[in-house]
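One-letter residues, chain by chain:
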Amino acid sequence: MPSLTRQEARDRSRSITVTSYDMTLDLRTGPATFESTTEIRFTGHQPGGATFVDVKAAEVHQVSLNGRDLDPAAVSDGRLPLVDLAADNVLRCSATMAYSRDGQGLHRAVDPADGEAYIYGHTFLDAAPRVFACFDQPDLKAPYSVHVDAPPDWQVLGNGAATRVVDGRWDLATTQPLATYFVTVCAGPYVSVRSEHDGIPLGLHARASLRGPLERWAPQLLEVTKASFDYYHSLFGIRYPFGEYHQVYVPEFNAGAMENPGCVTVRDSRLFRGAASDNDLLTRARTTAHEMAHMWFGDLVTMRWWDDLWLNESFAEYLASRTLVAATEFTDAWVSFGIIRKTWGYAAERAPSTHPVAGAAALDAVSALQDFDGISYAKGASVLRQLLAYVGDEAFVAGTSTYLREHAFGNGSLADLLGAVERASGKDLTSWSGAWLLTADRDRLSVATTVEDGVVTAAELRRSVPRDRPADRPHALDIAGFTDGFEEVRLSVVATSDVTPLPELVGKPAAALLVPNAGDLTWAGVDLSEADVAALPEQLAAIPEAGARAVVWAALIDGVSRARLDPRTVLTIMDRSWVGETSSAILERVGDEAAHRVIPQFLPETEHEAARQRLAGSAARLLDAADPQSSRALVGAQVLAGTTSDEALLRRWSAGQGLPAGLAGDTDFRWLVLGNLARRGLLDDAGLERASAEDPTMQGRLAALRVRASLPSPESKAWAWSQLTGRSGRSNHELTALITGFWFASDLDLVRPYVPRFFDEVPELVGWVGEDALARVIRLGYPRVVEDETARLGAAALERTDLSPAVSRNLLDGAHVLGEALTSRKRYAR
Ligand SMILES: [Zn+2]
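Thresholds applied
- Residues numbered from 1 in each chain as written.
- Predicted model: local features only at pLDDT ≥ 70, side-chain atom pairs only at ≥ 80, totals over all residues.
- Heavy atoms only, no water.
- Core = buried A, V, L, I, M, F, W, Y, C linked by side-chain atoms within 4.5 Å.
- Buried < 20%, exposed > 50% of the residue type's maximum accessible area, 1.4 Å probe, protein only.
- Helix = DSSP H or I, 4+ residues; strand = E, 2+ residues; numbered from the N terminus.
- Donors = N, O, S within 2.8 Å, 3.2 Å for Na, K, Ca; no water.
- Pairing = 2+ DSSP bridges.
- Contact = heavy atoms within 4.5 Å.
- Polar contact = N/O pair within 3.5 Å; in protein donor to acceptor, adjacent residues only side chain to side chain.
- Axes fitted to C-alpha atoms, helices over the stretch in contact; angles between N-to-C directions.
- Parallel < 35°, antiparallel > 145°, perpendicular 65-115°, else oblique.
- Nonpolar A, V, L, I, M, F, W, Y, C, P; charged D, E, K, R; others polar.
- Expected span 1.5 Å × (residues − 1).
- Salt bridge = Lys/Arg side-chain N within 4 Å of Asp/Glu carboxyl O.

Novice: Describe the nonpolar core, naming the residues involved and giving the relevant values.
Specialist: L27, L82, F135, W296 and W310 are the most contacted members of the largest nonpolar core, which totals 124 residues. Looking at this core element by element, the count peaks at 11 residues for helix α2 (residues 211-236). Counting residues in each nonpolar core, the second largest holds 108 residues, with L513, L603, W721 and V785 among its members.

This is the structure we're talking about:
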């Protein structure tokens, strides 16, 4: 189906204004479809004019414009032409719509724990017409009145406050003007925890089988919610405008969460049923604060078109960490941002698909979806921190608040936002925004010093600008020097040219380690000197400030990825420094990088097992040294469980014996252990069946699929492949579970035959699996056979001209990630 183009959206919003939607959904008609009836009132700007409405139905039954019946057969490619518009128009459309299994539209999932069905609406980015007839573009906002018919024992939630008018009939309060992509309905026997804050009714909801975790975590979730409301109210001086505020933890959600006004949907694995690390909790709190920031940035003021999606995501990403630090117990939010979110963004910046934060040419809606990436989120938030350093906090807050007030319930653009900040600050932002927002890529920063007899005699900060994307980015940053855990020097610098002298360092004793961007304020590649890298095994863990350690770790990950550092060097640094790390975010991110990327991708196959056992040794030391029940102990146990070759230990743990503190009865931890046994060929079908029967939950089903796909036998691989590509009716989450398990194989002969099949068969899932879900399948499932032949096949696949935007973008990025590993393997071959 063609995707709406920017030009079509412009033309349509010039020709009509939408006044209101009135919509009725009947969810009582069985597991495959539902009935959708919509009445749209809209004005036509030219008498007799024409436009079209979007509707992607299983069957359109009846449609009329101003009382005139239209032919339902005239719907083509999800569009119904509307002609002879009056000044005031009423469009009525009734249709049968299909539930989805791919997380887009109205998704329906059955909980294996109790057989209950759960429904949620996800209309982002262009899935609204799969739920109701509409003018699906972000600048045609209108109030919604929604009615839902559902089984009487269900609960219904949506953007407006829900009232059960009679058994089985729910009315949702008429909303403020909303963009189509925010409209949601959640229905099913959801269980709830309710509260209230500052006059705002609050609700947390989840599947009935998750009642325990929901009640366990509700106090913390509500505390973050309440603190964030207070913070945003005082920051912007604009009250939350959407009535009640519900957070619905839903099954099989593609993203982390979605900012539907009044009814945020969240991936329900965030309601941890087992142990959770400090960083797991911080990450969840960041999602809570992020979605709440969207109530202002995105929901109250919506970008006019998708090319300004940074106005949503960069602000929400920035404000979330700012809010956590200012108003909650999660004061390490910027450390987690630095090591987890920024390394994601830097990876996106290294890829050929990198793009400017703002103003990327999103010519149609589905292409725009591809730019919801580490650039729009992590780089965008970092650039906002630089904007704040450039204009000052007061002007930044005043300007953004003015922007929100001036465009409330409407739409805004980059120019509107910058104009408001320019007026508040009195600074011209033309060249600043040209360099930071409208130009892709990043500078590289390094500090060069000359040292004589242990004393610095010359020092400068060097900025290296990418030659093919020149820009003049000013950087506000810190430089700090550390020796044996002591911060010897710290200076704040604004670098506005390629060489910035650092006279403050001259005459001082040379620190063992100099860290550019030590406060992690700016967005740049950090190049450590050879001497600094050599000092890291002794110095890194001793740096007192977690944020500076995150900068160093991010630089190491970047260096390995760019084939500037031998992966063995980084693994040696890790062996010495990871065990001494205290930040849960750094521990997790670095452990994950070593176990799932540096070792399997960057080292040759002959070195994998030895490196893995060295990592397992580090993890065992971490587990031994850490306080029982701490996040450090948890990460140590998790990495050990996933890597060790100690079969006896794995057998004991899988039987529930001798488990580390806090992990007794932790089913998710048990699946980690079983996964390792399975990959080593130490788990038979009967063992897997038993484990699966003992965990008849949605999480258990997914874990079992992943483990089954990872079994090292030709039969298991063939089975997993047929489930993945055989149009088996598997859900979005089941497909990603299958593909993430699939490529594990110590004998590459097991999976090598599937590399060409991946490039032939997976793109063909388009149309059967939505773009959002398929993007994830390709991203997580790009072949892990690190060989030139994989690269050759990947390049050939990109030559195809029939690929959908999600497929081609993720194949391009996958080829790049594989290329990073291949380049490193060649450069550091032994
Ligand atoms: Zn967001």
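Novice: Tell me about the coordination of the zinc ion, and name the residues and values.
Specialist: Surrounding the zinc ion are the protein donor atoms H290 (NE2), H294 (NE2) and E313 (OE), which sit 2.0 to 2.1 Å from the metal. Of note, the donors binding the zinc ion are all from one chain and are spaced H-x3-H-x18-E. Of this pair, H290 sits in helix α3 (residues 278-294) while E313 sits in helix α4 (residues 310-327); the two residues are 23 residues apart in sequence, bridging distant segments of the chain. Note on H290: relative accessible area 7%, which makes it buried.

Novice: So what's going on with the pairing of strand β12 (residues 162-166)? Residues and values would help.
Specialist: Looking at chain direction, β12 and strand β13 (residues 169-172) are connected through four bridges and run antiparallel. The residue bridging T163 from the neighbouring strand is D171, located in β13. Hairpin geometry of β12 and β13 is characterised by an intervening segment of two residues between the two adjacent antiparallel strands and by a positive phi of about 90° at G168.

Novice: Residues and numbers for the environment of H45, please.
Specialist: Residue position: H45 is located in the loop between β2 (33-44) and β3 (51-54). In this structure, the C-alpha to C-alpha distance between H45 and L85, residues 40 residues apart in sequence, is 8.7 Å. In this view, H45 contacts S13, R14, S15, I16 and T17; residues no more than four positions away in its chain are not counted. Only 2.6 Å separates the side chain of H45 from the backbone oxygen of R14, close enough to count as a polar contact. Reaching out from H45, the side chain makes a polar contact with the side chain of T17 at a distance of 2.7 Å.

Novice: Summarise the sheet that holds strand β26 (residues 499-501); cite the residues concerned and give the values.
Specialist: What the four strands build is an open sheet, ordered β26-β23-β22-β28; its pairing is mixed. Sheet topology places β26 and β28 (524-526) at the edges, where each strand pairs with a single neighbour. Strand-to-strand, the axes of this sheet are offset by a mean angle of 25°, without reference to chain direction. As paired strands, strand β23 (residues 455-464) and β26 are joined by three bridges and run antiparallel to one another.

Novice: If you had to explain the packing of α3 against helix α14 (residues 584-602) to someone new, which residues and values would you point to?
Specialist: Orientation of α3 relative to α14, taken along the N-to-C sense of each, is 100°, at an axis distance of 8 Å. Relative to α14, the element α3 is oriented roughly perpendicular. Within the contact between the two elements, α3 uses D278, N279 and D280 and α14 uses S584, A585 and E588. In the contact of α3 with α14, the residues fall into one nonpolar, two polar and three charged.

Novice: Talk me through helix α8 (residues 393-406); I want residue IDs and the actual numbers.
Specialist: Between its first and last C-alpha atoms α8 spans 20 Å; for 14 residues at 1.5 Å apiece the expected length is 20 Å, and the two agree. At its buried positions, α8 is contacted by α2, α4, α7 (375-391), β21 (411-412) and α9 (414-425).

Novice: Lay out unusual backbone geometry with the relevant residues and their values.
Specialist: Geometrically, the link from F124 to L125 is a cis peptide bond, its omega value of -10° lying close to zero. Among the secondary structure elements, L125 is positioned in the loop between β9 (117-122) and β10 (144-149). One non-glycine residue, R727, lies in the positive phi region at around 50°. Looking at the element boundaries, R727 is found in the loop between α21 (714-725) and α22 (732-742). For R727, a relative accessible area of 45% gives the class partly exposed.

Novice: Describe the side chain of S64, and please don't skip the residues or the numbers.
Specialist: Along the chain, S64 turns up in strand β4 (residues 59-65). Filtering out sequence-adjacent residues up to four positions away, S64 remains in contact with D69, L70, V90, L91 and R92.

Novice: Please provide a residue-by-residue account of the pattern of salt bridges, values included.
Specialist: Counted by the stated rule, this structure contains 63 salt bridges. A salt bridge links R463 to D472, with the nearest nitrogen and oxygen atoms 3.0 Å apart. Residues D498 and R463 are paired through a salt bridge, measuring 2.9 Å at the closest nitrogen-oxygen approach. Of the two residues, D498 sits in the loop between β25 (486-495) and β26 while R463 sits in strand β23, which places them 35 residues apart along the sequence. On the basis of relative accessibility, which here comes to 39%, the residue D498 falls in the partly exposed class.

Novice: If you had to explain the environment of E609 to someone new, which residues and values would you point to?
Specialist: By the secondary structure assignment, E609 is in helix α15 (residues 605-625). Separated by 160 residues in sequence, E609 and T449 place their C-alpha atoms 40 Å apart. With sequence-adjacent residues up to four places away left out, E609 is seen in contact with S645 and R680. Here R612 takes part through its side chain, which lies 3.0 Å from a polar atom of the side chain of E609.

Novice: So, α21: which residues are in play, and what are the values?
Specialist: Its 12 residues give α21 an end-to-end C-alpha distance of 16 Å, which sits within 8% of 16 Å, the value for a rise of 1.5 Å per residue. Those residues of α21 that sit buried are S716, K717, A720, W721, Q723, L724 and T725. Looking at the buried residues of α21, the elements they touch are α20 (698-710), α22, α23 (754-761) and α24 (771-781).

Novice: Could you give an account of the sheet that holds β25, naming the residues involved and the relevant values?
Specialist: In spatial order, the strands read β25-β24-β27; together these three strands make up an open sheet with antiparallel pairing. What marks the edges here is a single partner per strand, and that holds for β25 and β27 (513-516). In this sheet, neighbouring strand axes are inclined to one another by 15° on average, regardless of whether the strands run parallel or antiparallel. Bridge count between strand β24 (residues 475-483) and β27: four bridges; the pairing is antiparallel. Each bridged residue has a counterpart across the sheet, and for F482 the counterpart in β27 is L513. This element, helix α11 (residues 530-539), spans β24 and β27 of the sheet and lies at about 105° to β27.

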